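Secondary and tertiary structure notes
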Amino acid sequence: MNAAGIRCATTDDLDNLITSNAGAYVTKSATPDPRVGNPSPRMKGLPNGSINAMGLPNHGLDYYLDYVLADQKKRPDRMNFLSVAGITLDDNLQMLHTIQDSAFNGFTELNLSCPNVPGKPQVGYDFGRVQEVLTAVFDFFTKPLGVKLPPYFDMAHFDQIAAILNRYPLAFVNTINSVGNGLVINAETETAVLKPKGGFGGIGGASIKPIALANVRALRLRLNPTIAIIGTGGVVNGQDVFEHLLCGADMVQIGSKFGFEGTPLFDRLNQELSAIMATKGYTSIADFKGKLKTLD
Ligand SMILES: CC(C)(C)CCc1c(C(=O)O)[nH]c(=O)[nH]c1=O
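The rules behind each value
- Residues numbered from 1 in each chain as written.
- Predicted model: local features only at pLDDT ≥ 70, side-chain atom pairs only at ≥ 80, totals over all residues.
- Heavy atoms only, no water.
- UniProt positions renumbered as here; feature names shortened; annotations may be inferred.
- Helix = DSSP H or I, 4+ residues; strand = E, 2+ residues; numbered from the N terminus.
- Near = heavy atom within 4 Å.
- Polar contact = N/O pair within 3.5 Å; in protein donor to acceptor, adjacent residues only side chain to side chain.
- Areas by Shrake-Rupley, 256 points an atom, 1.4 Å probe, with all protein chains shown as cover.
- Pairing = 2+ DSSP bridges.
- Axes fitted to C-alpha atoms, helices over the stretch in contact; angles between N-to-C directions.
- Contact = heavy atoms within 4.5 Å.
- Patch = residues over 30% accessible without salt bridge, like charges linked within 9 Å, V, L, I, M, F, W, Y side chains within 5 Å.
- Salt bridge = Lys/Arg side-chain N within 4 Å of Asp/Glu carboxyl O.
- Buried < 20%, exposed > 50% of the residue type's maximum accessible area, 1.4 Å probe, protein only.

Within an unreviewed UniProt entry, the label attached to the protein reads dihydroorotate oxidase (fumarate), and the organism entered is Secundilactobacillus kimchicus JCM 15530. In UniProt, the protein has this text filed under Pathway (unreviewed entry): "Pyrimidine metabolism; UMP biosynthesis via de novo pathway." Comment text from UniProt for the protein, heading Cofactor (unreviewed entry), reads "FMN".

Following this line, the structure appears as structure tokens:
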């Protein structure tokens, strides 16, 4: 499926997704009210990925909730995901109350890369805050909910975030979001390529696959089996999908590459993954999911 933020901000984008061979879709992370987002250039393609500082441009929660409600009426059998990214905890709780009180019965993805109070790191990097947010959310929210996580790079952080997440009835964890605050420069003009944030932005694409695979594997090994894992990051071909599944992902999302290739990507990835499985004699994903071997 697509990753939140990529070709999923308008009803046209979403119509393209539901008529494609993607297994599911997720809507652009929503805020309570529409947002214009940051000034352009705010996203740039790179030889092996992308950098972005979009600033959460979106049409507001109601726009996406209306869309998924209409879709679930038309296609009650299909999975759909609604992503929310409140700038404040109150915004997140307000949106989740609206979703809880609505007829929506799909998955809600709570983006924990949302900003924290000024001077503190994003919520996903403030473990105490993660606990506060999830405690407040699960105080009332009973529908299927997962969290979108930033990448972690330290074994102690894998231990800490997993220990926190295991305390909540999460349907899934989506790992990873873009690798935060990279910087891409144009050496000829001696200028950063993005306008917002002095050129700092989230990095996506092939270069982040080793980080994504590590986060999928580390969390699979630590999280309760009741919590499914969506693997996101660095997928450009069927082998990358296979690797995410081997690390333990139950579902795979594609961001940067989907941005460049569009919906034919899903047909290509399905074909490439099927070819790899046939070569290896696998008839189902269960034959190899999570079965990464180590050299001990
Ligand atoms: C980074 C935030 C703007 C706080 C959240 C939205 C978001 C954005 C974005 O809208 O800039 N880009 C990403 O690569 N990941 C994200 O989660």
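On to the UniProt feature "domain: Dihydroorotate dehydrogenase catalytic" (unreviewed entry) in the protein, then. Sequence positions flagged by UniProt for "domain: Dihydroorotate dehydrogenase catalytic" (unreviewed entry) are, in local numbering, residues 1-277. Helix makes up 36% of residues 1-277 and strand 18%, whereas the separation of the span's terminal C-alpha atoms amounts to 19 Å.

Lys28, Asn52, Ala53, Met54, Gly55, Leu56, Asn111, Ser113, Pro115, Asn177 and Ser178 make up every residue found near the ligand. Here an oxygen atom of the ligand sits 3.0 Å away from a polar atom, N or O, in the side chain of Lys28. Between an oxygen atom of the ligand and a main-chain N or O atom of Gly55, the distance comes to 2.9 Å. Here the ligand loses 77% of its free accessible area of 390 Å² to cover by the protein chains.

This part takes up the sheet that holds strand β8 (residues 179-183). Taken together, the four strands give an open sheet; going across it, the order is β2-β3-β11-β8, and neighbouring strands pair in antiparallel fashion. What marks the edges here is a single partner per strand, and that holds for β2 (43-46) and β8. If you compare each strand with its neighbour and ignore which way they point, the axes differ by 35° on average. Inspection of the sheet shows strand β3 (residues 49-52) paired to strand β11 (residues 200-204) by three bridges, in the antiparallel sense. Note on β11: the bridge partner recorded for Ile51 is Ile203.

Moving on, we come to the sheet that holds strand β5 (residues 107-111). Sheet architecture is open: seven strands sit in the order β1-β4-β5-β6-β7-β12-β13, paired in parallel fashion. In the strand order of this sheet, the two ends are held by β1 (25-26) and β13 (251-253), each with one partner. Contacting β1 and β4 (80-84), helix α2 (residues 61-74) crosses the sheet at an angle of about 170° to β4.

So, on to a nonpolar patch on the surface. On the surface, Leu183, Ile185 and Phe200 cluster together to form a nonpolar patch covering roughly 290 Å² of accessible area. Mapped onto the fold, Ile185 is located in strand β9 (residues 185-186). Residue classification places Ile185 among the exposed positions, given a relative accessible area of 56%.

This brings us to the environment of Asp13. Within the fold, Asp13 resides in helix α1 (residues 11-18). Taking the C-alpha atoms as reference, Asp13 lies 15 Å from Leu65; in sequence the two are 52 residues apart. Setting aside residues no more than four positions away along its own chain, Asp13 makes contact with Arg7 and Cys8.

Under the definition given, this model contains ten salt bridges. A salt bridge links Glu243 to Lys209; the shortest N-O distance between them is 2.8 Å. Placement of the pair is Glu243 in helix α7 (residues 238-247) and Lys209 in helix α6 (residues 209-222), with a sequence separation of 34 residues. Relative accessible area serves as the criterion here: at 18%, Glu243 is assigned to the buried category. Beyond isolated ion pairs, a larger network of salt bridges with shared partners links Lys209, Asp240 and Glu243.

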